[in-house]
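One letter stands for each residue in the lines below.
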Amino acid sequence: VLNGTEWSALNEATFITDEPASSANLVISEIHYHPSDTQNGDAEFIELMNISDTRISLSGVSFIEGISFKFAAQDTLGARQRIVLALDPLAFAGTYGAGIPVAGTYVSRLANDGERITLVAADGSIIQSLRYNDKEPWPAIADGTGYSLVLVTPTARPNHDLPQNWRSSRSPGG
């Protein structure tokens, strides 16, 4: 605070040294919104991918539609790396194995019949927003049969809202 010609003392500051996450470097790369009955309905997940060649900061990045989740100030994602957010980490590990680390637990469920998912940066700008669906032209096999939705060419930064940019996973579970 400036009072006349005198500044008050700095008492808190957050410095981000990595490139901030943005629509240019972060994509939603996979959505498993409706696991099969044998996979456990609580084993749903969302995967994010850093499509850049540098580490990015996830500080303040959050999902504000569809699910609710906010990354911590120290969270980062390495170049070309992926992370998974899960509804229930124990159900996720029981279904897909303990070898896949879960970066966080989100609040609420992904809608089995489709919904809008919006991911925003710390400054509130939209990183990705899409409305997936369980009806054609979206891959119907991803609706309760064990397959997930996978972004076809994540490094090309495709429009997430277009169904032709998504396919079903090659095997159950993503």
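Above this text you will find the structure in question.
This section reports on the structure supplied with the text.

### Notes on helix H1 (residues 89-96)
Here's step 1: Those residues of H1 lying buried are Ala 91, Phe 92 and Tyr 96. Looking straight down H1, one finds its buried side chains confined to an arc of 105°; they lie on one side. For H1, the exposed residues lying more than 90 degrees away from the buried face are Leu 90 and Gly 94.
Here's step 2: For H1, the secondary structure elements touched by its buried residues are strand S4 (26-32), strand S5 (45-50), strand S10 (82-86) and strand S11 (102-105).
Here's step 3: In this structure Asp 88 caps H1, since a side-chain oxygen of it lies 3.0 Å from the backbone nitrogen of Leu 90.
Here's step 4: Gly 97 sits one or two positions beyond H1 and adopts a positive phi of about 100°.

### Some points on the packing of aromatic side chains
Here's step 1: For the structure shown, the criterion picks out six aromatic pairs.
Here's step 2: Plain terms: the ring middles of Tyr 33 and Tyr 132 are 4.7 Å apart, the flat faces sit at 40° to each other, and that makes the pair tilted. Of the two residues, Tyr 33 sits in the loop between S4 and S5 while Tyr 132 sits in strand S13 (residues 126-133), which places them 99 residues apart along the sequence.
Here's step 3: Judged by its relative accessible area of 0%, Tyr 33 falls in the buried class.
Here's step 4: Seen from their ring centres, Phe 45 and Tyr 96 are 5.5 Å apart, and the 85° between their planes marks the pair as edge-to-face. With Phe 45 in strand S5 and Tyr 96 in helix H1, the pair connects residues that are 51 residues apart, well separated along the chain.
Here's step 5: Of the residues examined, Tyr 96 reaches a relative accessible area of 19% and is grouped as buried.
Here's step 6: Ring pairing ties together the aromatic residues Phe 45, Phe 92 and Tyr 96, which thus form one cluster.

### Let's talk about the side chain of Asp 134
Here's step 1: Tracing the chain through its elements places Asp 134 in the loop between S13 and strand S14 (149-151).
Here's step 2: Here Lys 135 takes part through its side chain, which lies 3.3 Å from a polar atom of the side chain of Asp 134.
Here's step 3: Beyond its immediate stretch of four places on either side in the chain, Asp 134 contacts Tyr 33, Asn 112, Asp 113, Ala 140 and Asp 143.

### Let's talk about the pairing of S11
Here's step 1: Summarising the sheet, S10 and S11 pair through three bridges and their orientation is parallel. In the strand pairing of S11, Ala 86 is matched with Thr 105.
Here's step 2: Following the chain from S10 across H1 to the adjacent parallel S11, one finds a crossover that is right-handed.

How each quantity is defined
- Residues numbered from 1 in each chain as written.
- Predicted model: local features only at pLDDT ≥ 70, side-chain atom pairs only at ≥ 80, totals over all residues.
- Heavy atoms only, no water.
- Buried < 20%, exposed > 50% of the residue type's maximum accessible area, 1.4 Å probe, protein only.
- Helix = DSSP H or I, 4+ residues; strand = E, 2+ residues; numbered from the N terminus.
- Arc of directions from axis to C-beta.
- Contact = heavy atoms within 4.5 Å.
- Polar contact = N/O pair within 3.5 Å; in protein donor to acceptor, adjacent residues only side chain to side chain.
- Phe/Tyr/Trp six-rings, centres within 6.5 Å; stacked < 30°, edge-to-face > 60°.
- Pairing = 2+ DSSP bridges.
- Right-handed = clockwise from strand over helix to strand, strands pointing away.

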